Amino acid sequence: MQTNFLSQQFNAGFLAENSTACPANATICDGTSCVLPEDNFNQTLSVVLSTVLTIMLALVMFSMGCNVQLKNFLAHMKRPWGIFVGFLCQFGIMPLTAFLLSLAFNILPIQAVVVMIMGCCPGGTASNVIAYWVDGDMDLSISMTTCSTLLAMGMMPLCLFIYTKMWTDSDAIVLPYDSIGISLVALVIPVSFGIFVNHKWPNKAKIILKVGSIVGAVLIVLIAVVGGILYKGSWIISPKLWIIGTIFPAAGYTLGFLLARVAGLSWHRCRTVSLETGMQNTQLCSTIVQLSFTPEQLELMFTFPLIYSIFQLLFALLILGGYRLYRRHRVKTKTDVEKTEQKEDSKSDVKINGGFVPDEMK
């Protein structure tokens, strides 16, 4: 009798223990296992992220268009040697460098694909800001960014098709050319509209440009935070990706500068081409990756655009700091010399003429 009582007490305790183990939203609970309804939180968050990314990227590209002066852009198109050199750097050097780095470090195929996507992306808008601070050719910088964005519609799918064949031939990875194409074509509309706004209302375009630069910075942070929630596994980053993310932008800056110098461009244009080559549109890369691949694939590749973004900015700031130091301590420009001579001449004239200053000196 006592044995039966203990057995019933044990069974009751066992069932009670298992019933508390089953969540309240369980659809089936038989005491040993539970069936839960599908959690759609990540799926919903992913859709929201994709929508927000697309809208913010369109605003960034619209603001980039607002930085383009149609007259200067057309002038560069009539004498396109600088733009042609930039084209060779953007869609020649960068994809080839991405391919060689992927082979050298023997990374996973899906990781090689995201490195290639980054290498095939057009130039980023941040290069225009840095080019200004290193006394680059601003018209060339903006024209290169605009042209590379427009040409990316054809060149990006072509480069990906050529360089990723060894990873996609096995059918393990299928590149979503339709999604990439739609993303690129969609960029033409805000860029074109931005050029039109700058042509008609230049003062308003300056305000839009400032807002767009802020949105671009917010976009990078948003991708990092929300992506970290969605793809937790992506933060366990392979050391190889960190190394590639460090070497890749540095190689872009260096090779872009060397090719521009070999092509006979002036020093300030060499600096411009260098920045345009190394600074990729990481927002575009992140958006394409987010919209084009499955969550399982994103776990392995999502963080690379963020790594590249960090190091491209870090190296750009080092270039900027080095140039400003060089200019301050080593370079005395011809203009500075002429201004000094004019001041000294005007002072001597004043002393000789008893304080009289000629009309042309006023």
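Note that the structure is a prediction, hence the values are computed from the model and not measured.

Chemist: Would you mind going over the overall build of the protein with me for this structure?
Modeler: Secondary structure assignment for the protein yields 16 helices and 2 strands. In the protein, which comprises 362 residues, the proportion classed as buried is 43%. The long-range share in the protein, meaning contacts at least 24 apart out of those at least 6 apart in sequence, stands at 81%. Taken as a whole, the protein presents about 19600 Å² of accessible surface, with 66% of it coming from carbon and sulfur.

Chemist: I would appreciate a short explanation of the pattern of salt bridges in the present structure.
Modeler: Two side chains that carry opposite charge are able to pair once their charged atoms sit near each other. Scanning all chains against the criterion turns up 2 salt bridges. Salt-bridge contacts for Arg327 lead to Asp135; the nearest nitrogen and oxygen are separated by 2.9 Å. Taken as a pair, Arg327 in helix α15 (residues 304-329) and Asp135 in the loop between α6 (126-133) and α7 (138-163) lie far apart in primary sequence, 192 residues in all. Across the pair Asp137 and Arg269 runs a salt bridge, and its minimum N-O distance is 2.8 Å. Separated by 132 residues along the polypeptide, Asp137 in the loop between α6 and α7 and Arg269 in helix α12 (residues 267-278) bring together distant segments of the chain. Owing to a relative accessible area of 27%, Arg269 belongs among the partly exposed residues under this scheme.

Chemist: Even after reading the chapter, I still don't get the packing of aromatic side chains, so can you show me in this structure?
Modeler: Any two aromatic rings considered together are summarised by their centre-to-centre distance and by the angle between their planes. The final tally for this structure, using the stated rule, is 8 aromatic pairs. On the basis of an interplanar angle of 80° and a centroid distance of 5.3 Å, the ring pair of Phe248 and Tyr308 is categorised as edge-to-face. Here Phe248 is found in helix α11 (residues 239-262), whereas its partner Tyr308 is found in helix α15, with 60 residues between them in sequence. Judged by relative accessible area, which is 0%, Phe248 ranks as buried. Every member of this aromatic cluster is reached through a ring pair, and the members are Phe99, Tyr163 and Trp167. Lying over the aromatic face of Trp267, Arg261 brings its terminal NZ or CZ to 3.8 Å of the ring centre.

Chemist: Looking at this structure, how should I read helix α5 (residues 109-120)?
Modeler: Each turn of an α-helix holds 3.6 residues, which means side chains three or four residues apart point in the same direction. Taking 1.5 Å per residue, 12 residues should reach 16 Å; α5 reaches 16 Å between its end C-alpha atoms and fits that length. When you tally the buried positions in α5, you get 11 out of 12 residues, the bulk of the element. Among the residues of α5, those classed as buried are Ile110, Gln111, Ala112, Val113, Val114, Val115, Met116, Ile117, Met118, Gly119 and Cys120.

Parameters at a glance
Residues numbered from 1 in each chain as written. Predicted model: local features only at pLDDT ≥ 70, side-chain atom pairs only at ≥ 80, totals over all residues. Heavy atoms only, no water. Helix = DSSP H or I, 4+ residues; strand = E, 2+ residues; numbered from the N terminus. Buried < 20%, exposed > 50% of the residue type's maximum accessible area, 1.4 Å probe, protein only. Contact = heavy atoms within 4.5 Å. Areas by Shrake-Rupley, 256 points an atom, 1.4 Å probe, with all protein chains shown as cover. Salt bridge = Lys/Arg side-chain N within 4 Å of Asp/Glu carboxyl O. Phe/Tyr/Trp six-rings, centres within 6.5 Å; stacked < 30°, edge-to-face > 60°. Lys NZ or Arg CZ within 6 Å of the ring centre and 35° of its normal. Expected span 1.5 Å × (residues − 1).

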